[in-house]
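# Notes for the structure review
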Amino acid sequence: MLAGRAAIVTGAGRGVGAAAARLLAAHGARVVVNDLDPAPAASTAAALASSGGEAFAFPGSVMDAGFPDALVAACVERYGAPHVLVNNAGFLFDAMLHKMSDEQWAAIVHCHLTAPFQLVRAAAGPMREAAKAEMERTGRPADRSIVNVSSTSGLHGNVGQANYAAAKAGIIGLTKTIAKEFGPLGIRANAVAFGMIDTRMTSAFREEETVVVGGTPVSQGLPKHVAQMWQSEEMLRAAVPLCRKGTPEEAAGGILFLASPLATYVTGHTLEVTGGMGI
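Residues numbered from 1 in each chain as written. Predicted model: local features only at pLDDT ≥ 70, side-chain atom pairs only at ≥ 80, totals over all residues. Heavy atoms only, no water.

Let me state the cut-off plainly: UniProt positions are given in the numbering used here, feature names are shortened, and annotations may be inferred rather than shown by experiment.
Looking up the protein chain in an unreviewed UniProt entry gives the name 3-oxoacyl-[acyl-carrier-protein] reductase, with the organism given as Prymnesium parvum. Annotation of the protein chain in UniProt includes, under Sequence similarities (unreviewed entry), the sentence "Belongs to the short-chain dehydrogenases/reductases (SDR) family."

Take a look at the structure:
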């Protein structure tokens, strides 16, 4: 379905990103595996290669100056212009709005909104030029797809996540704009909004699960009592029509659909992969 197509997946060292990289590779994509942490990125890339796929790791922070351009350039050098770009990298830096620092706000908006914008901008040149060349040769460009990860927090807001909710809402507007600007060249742009997917972000805080922001380790996950609440059948039945959390593989399925030829006439859309949460 994606045989020979180049795909970039950010935040692909673990969780949904790793599952998306595995699924794209299983359908033939050649995958550039990005993650902030080198070891998980290398592990995912090695797993894809051992399963018969083609992949390489390109670790680093999507928030670093010049990194989006370097990531896209690495893809172009190895595999050519990307056919698929998945903006998945992210982390949490939660606080109640009246206690949230400028640093917390800026870091999350940068990671979840500015960095995806910069990556799309970096990929635009190679993707658009490849499409134009195809149109000159055949009259029609190949299908290309940008998938931006949003969240139910961006759709409905969430207590303690003013920064995250604002960024995830913003990514939906960005996605629709990309769809309108790039559509004439066959480049589609869609968002996928996840609900309670079973990852470190929806588990209880653990000391080893941190992201370093400005030299300070920031724990990833939920407060213990909140995480326990979301483990209860009563809570899941009340909030999620399917009565359970989703798996990273189920979340990745939404990404694969939007990136694949099955969705060649789908653009500007936000696909909710939530088990019905929020309806």
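Okay, back to it.
## Points about the environment of Ala81
Using the following cut-off: By definition, any uninterrupted DSSP run of H or I lasting at least four residues is a helix, any uninterrupted run of E lasting at least two residues is a strand, and each is numbered from the N terminus. Whether a residue is buried, partly exposed or exposed follows from its accessible area with a 1.4 Å probe, protein chains only, as a fraction of its type maximum: under 20%, in between, or over 50%, in that order. Any pair of residues with heavy atoms lying within 4.5 Å of one another is described as a contacting pair.
Structurally, Ala81 can be placed in the loop between α3 (67-79) and β4 (84-87). Ala81 sits in the buried class, given a relative accessible area of 18%. Along the backbone, Ala81 and Ala123 are 42 residues apart, and their C-alpha atoms lie at a distance of 7.8 Å. Discounting chain neighbours no more than four positions away, the residues touching Ala81 are Ala6, Val76, Pro126, Met127 and Ala130.

## Remarks on the environment of Ala162
With respect to the helices and strands, Ala162 occurs in helix α6 (residues 162-182). Considering only alpha carbons, one finds Ala162 and Cys75, 87 residues apart in sequence, at a separation of 34 Å. Setting aside chain neighbours within four positions, we find Ala162 in contact with Leu97, Met100 and Trp105.

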